[in-house]
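Summary of the model geometry
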Amino acid sequence: MKKLLSIAIIFTLLLSTMTSTFSTAKETVKILRLEAETATFTGNAKTYDYPAASKGKVAAFLMKTGDSATFLNLPKGNGLTIGYTKGASGLGKMSLYINNVHTQDLIFKNTGGWGTTAAEYKTAQVALPIPKGATVKFQIDSDDIAVNLDYIDVYTSGKPPVVPAASTSPIQRVEGEDTLMQGGAIAYDYPLASNAKVAAYIMYNGDAITVPNAPKAKGLIIGYTNGTINRGKLSLYINGKHTQDIAFPITSGFGNVASDYQKVNLSIAIPAAASVKLQFDGGDQPVNIDYMDFYTQTQPPVMVQAPVVVPVPKVTKEPLGHTISDIRKEWRASQEINTEKAIVETPIVSAPYAPGKLSAGFLGDGLRMANFMRYLANLPNDLVLSDALNNQAQYGAVLNAATGALNHYPEKPADMPQNFYDIGRSSTSSSNLAQSIFSLSNSVVSYMDDSDPGNVSKVGHRRWILNPALKQIGFGLANGYSTMQIMDASRTTAYDYDMVCWPSKGNFPVEYFSGVLSTLYKPTAFQKQSYAADAGNQAWSVSLNPTKYQAPILANLQVEVRRLPDNYRWKLNGTHNNNAAKEKNKSYLNVDTSSIGIKNAIIFRLGGVEKYEDGQLYTVTITGVKDIAGKPVTIQYDTNFFNLGDTNNMLKLSAEELILNVGDTSRLVAGLGSKVPVDPNGNSPDNILWQSYNTKVATIGKDGTINALQEGTCIIRAYSTNKMYSRTCVIRVVSDK
């Protein structure tokens, strides 16, 4: 039996090691082919079945530092041809070692896929001496990028493999998608881009695209898009050295029409074979890169960029934002109404994987809730669902379900096809993620909370949903793992805003700031357990428009909050920023300037609040902030909490809010009893008492008559003499001048 086994092994090696010979006019070339699956592997590298590969297998999972495929005892040769696949996004890169000495870095062009079809296989050529008996290793080092190896051809005699000659064109274009992509950068389809793709999602620290072995050039022109809201900025590195910051003026959109594409000019000397990197560093702003044109013989022409006309709508700023009655109307419209099955095609979370599909009605529930959240924040509430984003989100949900964990950058399951994983990872890295979710509207509400110790420092899920530039979203759901594609910025019309607050300025339903549990539709047992103690734990956030304010500095900030009717005050500063302060119900203050929605975010929590209640008015005052010109400014606004439903309160008022001019008088009328309406003749019951919580702004008499004294905000409370029932009215006094 042992003898038969030995013969079988020898026969297998003979099949996978083949020599071919062919002649040219002058000499004979001999090539020895070694299949990648015969190599010795380290790390995660292993063989994987791909019928279209040379022998039906490739060396795959060469993706993490230290992963390698090593070929032993090679014959003497003068070069290699490497068969490989690299997927559809960016270049691949591996380090070549001969006899354990790093010889060179190998660059692999993308192949459009990971090897499921014959068209997804390409070759790369290397001309270099290989000693007899050499060990040749292909390894992923710290800055390398995944490649699947199919085979290597060793040229044992005759001419070495022909390495493509460098271009001599005076303008050499490198497409954004044909670069080394690092961090979250990926290739993204935009039909009107130079090659129908751009390098997108360059938006977090460390995200970068690199042109390796760039041609010697006298300058660059970079084609890009970056939307209508913020000017873009990236850092330029040449051979690892920071050379300059590049500013990208706003464009008319992110690439849906031809006018969205613009160019910037750089007159800068680039050495031959240089590494040219565009990287997102701290303080930079996202940009999509379409291409880079290297001018090898002349300076690039001076770009005279036509001014981009961005329509800015006139914004009417109501003193109190939305009225309570309008908020209740929008709330009723946002509730779940889907009567279809949630899932029309079942996701499969193990091999053979399938993304599945959600019903239009179920997706609509999530969309309505997302728009209601934006309505509360005084943002455009006209988000739309994208079929492409819904589909991508399903891949992400399946990937997280398959790995059994919420992870923006999950590892590839061993049995998952590479192209399925690539789509899934592009989703998880650009989505809000949630677990134990079986209602999309519930998932949106959970994202808006963001007050747990792991999220409170950034409230990132919330800020993505409240990004003014957001227009298109998508949802996915698989086995309770939910994804919300949220990093879109395709709104074509700029929205003029000063700041985005949560809870918002003016009237705000207390149910959406009293812990997630109070707003969930049919909460699960897990959600009840997780959110039961969160009623007063909510984090406030104020995101400042970067075009109007400088980035806030934590050490300079002072946040003071006053609560009416009890006049309790909180004073927060930089000392309220540590890990202990992140814990529930502790006072906390932080600044986050990363490019998550709006980048300049002030985040704070008021310690000791058991719960936020109907009729409470909070006045927020923030100092230590500067406008874009560097002038110190004070930010102050009021948030008035009210109950959306309030079905058990038998006390009714003729108004829940009034706007009066200085010197005006008005009258409030109360009714008491489940079936007792407010008296149209203006008479309140004898057992109703009145109180003003800011008598400098407005007073109220025993008969409900209000006198507006000076500009400001005041709460008027009506309550029954037995103190069982009460209701408030917000009075905003303004000047008529």
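See above for the structure.
One structure accompanies this document, and this report is about it. Residue positions are counted from 1 within each chain, in the order its sequence is given. Whole-chain, interface and lining totals are the exception, using all residues; otherwise, since this is a predicted model, local features are given only for residues with pLDDT of at least 70 and side-chain atom pairs are given and counted only at 80 or more. To obtain the side-chain values, all non-hydrogen atoms of the structure were included, while hydrogens and water were left out.

For the α-helix, the turn length of 3.6 residues means that residues three or four positions removed from each other point alike. Partly exposed describes any residue whose relative accessible area lies between the buried limit of under 20% and the exposed limit of over 50%, with all areas from a 1.4 Å probe on protein chains only and scaled to the type maximum. Only runs of H or I of at least four residues qualify as helices and only runs of E of at least two qualify as strands under DSSP, and these elements are numbered from the N terminus. The element helix α6 (residues 440-449) is largely enclosed, with a buried count of 10 among its 10 residues. Asp450 sits one or two positions beyond α6 and adopts a positive phi of about 55 degrees.

Bringing the sheet that holds strand β19 (residues 232-238) into the picture now. Backbone hydrogen bonds hold the strands of a sheet together, and the pairing may be parallel or antiparallel. In this description, strands pair whenever DSSP reports at least two bridges between them. The strand order across the open sheet formed by five strands is β14-β17-β22-β19-β20, and the pairing between neighbours is antiparallel. Of all the strands in the sheet, just β14 (180-182) and β20 (241-248) have a single pairing partner and so form its edges. Neighbour-to-neighbour, the strand axes of this sheet turn through a mean angle of 20 degrees, independent of strand direction. Across seven bridges, β19 lies against β20 in antiparallel orientation. Bridging across to β20, Ser235 finds its partner in Asp245. Axis definition: a line fit to C-alpha positions, over the contact stretch in the case of helices; interaxial angles, taken between N-to-C directions, run 0 to 180 degrees.

Judged by nonpolar contacts, the single largest core of 79 residues is most densely connected at Trp540, Phe604 and Leu606. With nine residues, the single largest contributor to this core is helix α3 (residues 360-376). We call a set of buried residues a nonpolar core when its members are Ala, Val, Leu, Ile, Met, Phe, Trp, Tyr or Cys and they connect through side-chain atoms within 4.5 Å of each other.

We now examine helix α2 (residues 324-334). Within α2 the residues assigned to the buried category are Ile324, Ile327, Arg328 and Ser334. Seen end-on, α2 carries its buried residues on one side only, within an arc spanning 120 degrees. Along α2, exposed side chains directed more than 90 degrees from the buried face belong to Lys329 and Arg332. Among the structural elements, α3, β31 (506-509), β38 (632-642) and β40 (657-661) are those in contact with the buried residues of α2. Pairs of N or O atoms are called polar contacts if they sit within 3.5 Å, as long as, within protein, a hydrogen donor faces a hydrogen acceptor (for residues adjacent in sequence, only side-chain-to-side-chain pairs). Structurally, the start of α2 carries an N-cap: the backbone nitrogen of Asp326 is 3.1 Å from a side-chain oxygen of Thr323. Note that the arc is computed from the directions linking the helix axis to the C-beta atoms. Whether two residues are in contact is decided by their heavy atoms: any pair within 4.5 Å suffices.

The next point concerns the sheet that holds strand β45 (residues 705-708). The strand order β41-β45-β44 describes an open sheet built from three strands, whose pairing is antiparallel. At either end of the open sheet lies a strand with only one pairing partner, and these are β41 (665-667) and β44 (698-700). Ignoring strand direction, the axes of neighbouring strands in this sheet form an average angle of 20 degrees.

Taken by themselves, the reported measurements are silent on function.
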